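Read off the chains here:
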Amino acid sequence: MTESDGERRLRFRYNVLLTVLVLVAPVAMPLDVGAVDWFWVVSGAVLNGVAVGPFARTATADRINDLAGEPGSLRKVIAIVVMAVGIWSAIAVLQPSAVALGSFVVGGMAALLVVETGRKIRS
């Protein structure tokens, strides 16, 4: 069964609206208190956009995914835990400001939503 042009346009509008709505709260709160570091917003967006976009389609990313195992496997759980511990350790050592960390996360979330919305639209 194929999608009609009307269904594709409706799905596109839905995905864009959902992306905007998901981004409103995390972006509005820092803007409200004037606590946004735009360098870190852009850095988070670029880093996450590359990681989940072009890099995710490389042979290196495929090898990393194969090493982690199938979804739900113990190897996948261990890989996620190791990654989380690595991120927490980096935060503990570097001790970034809350504004920089929050800005980086918001930028990363924005990139993730944009890339995933683009994938859904193309499929």
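Look above for the structure.
About the cut-offs
Residues numbered from 1 in each chain as written. Predicted model: local features only at pLDDT ≥ 70, side-chain atom pairs only at ≥ 80, totals over all residues. Heavy atoms only, no water. Helix = DSSP H or I, 4+ residues; strand = E, 2+ residues; numbered from the N terminus. Buried < 20%, exposed > 50% of the residue type's maximum accessible area, 1.4 Å probe, protein only. Polar contact = N/O pair within 3.5 Å; in protein donor to acceptor, adjacent residues only side chain to side chain. Contact = heavy atoms within 4.5 Å. Phe/Tyr/Trp six-rings, centres within 6.5 Å; stacked < 30°, edge-to-face > 60°.

Undergrad: Sorry if this is basic, but what is going on with the side chain of serine 103 here?
TA: As for its placement among the helices and strands, serine 103 is situated in helix α5 (residues 98–122). Overall, serine 103 belongs to the buried group, its relative accessible area being 4%. A distance of 3.0 Å separates a polar side-chain atom of serine 103 from the backbone nitrogen of aspartate 37.

Undergrad: In this structure, what is going on with the side chain of lysine 76? I would like to understand it.
TA: Here lysine 76 shows up in helix α4 (residues 74–94). The class for lysine 76 is buried, based on a relative accessible area of 18%. If we ignore the near neighbours within four places in the chain, the residues touching lysine 76 are Asn65, Ala68, Gly69, Glu70 and Pro71.

Undergrad: Looking at this structure, how should I read the environment of valine 106?
TA: Considering the arrangement of structural elements, one finds valine 106 in helix α5. A sequence separation of 62 residues divides valine 106 from glycine 44, and the C-alpha atoms of the two residues are 7.3 Å apart.

Undergrad: Honestly, the environment of asparagine 65 in this entry has me stumped. Any pointers?
TA: Structurally, asparagine 65 is set in helix α3 (residues 59–68). Judged by relative accessible area, asparagine 65 falls into the partly exposed class, the value being 43%. Considering only alpha carbons, one finds asparagine 65 and lysine 76, 11 residues apart in sequence, at a separation of 8.8 Å.

Undergrad: Even after reading the chapter, I still don't get the packing of aromatic side chains, so can you show me in this structure?
TA: When we look at a pair of aromatic rings, we describe it by the centre distance and by the angle of the planes. Within the structure shown, the criterion is met by 2 aromatic pairs. Plain terms: the ring middles of phenylalanine 39 and tryptophan 40 are 5.1 Å apart, the flat faces sit at 80 degrees to each other, and that makes the pair edge-to-face. Where tryptophan 40 meets phenylalanine 104, the ring centres are 6.2 Å apart and the plane angle is 70 degrees; that geometry is what we call edge-to-face. Note that tryptophan 40 is positioned in helix α2 (residues 38–52) and phenylalanine 104 in helix α5, a separation of 64 residues in sequence. Residue classification places tryptophan 40 among the partly exposed residues on the basis of a relative accessible area of 34%. Taking the relative accessible area as the measure of exposure, phenylalanine 104 reaches 24% and is therefore partly exposed. Three or more aromatic residues link up through ring pairs in this structure, and these residues are Phe39, Trp40 and Phe104.

All we've got here are geometric facts, nothing functional implied.
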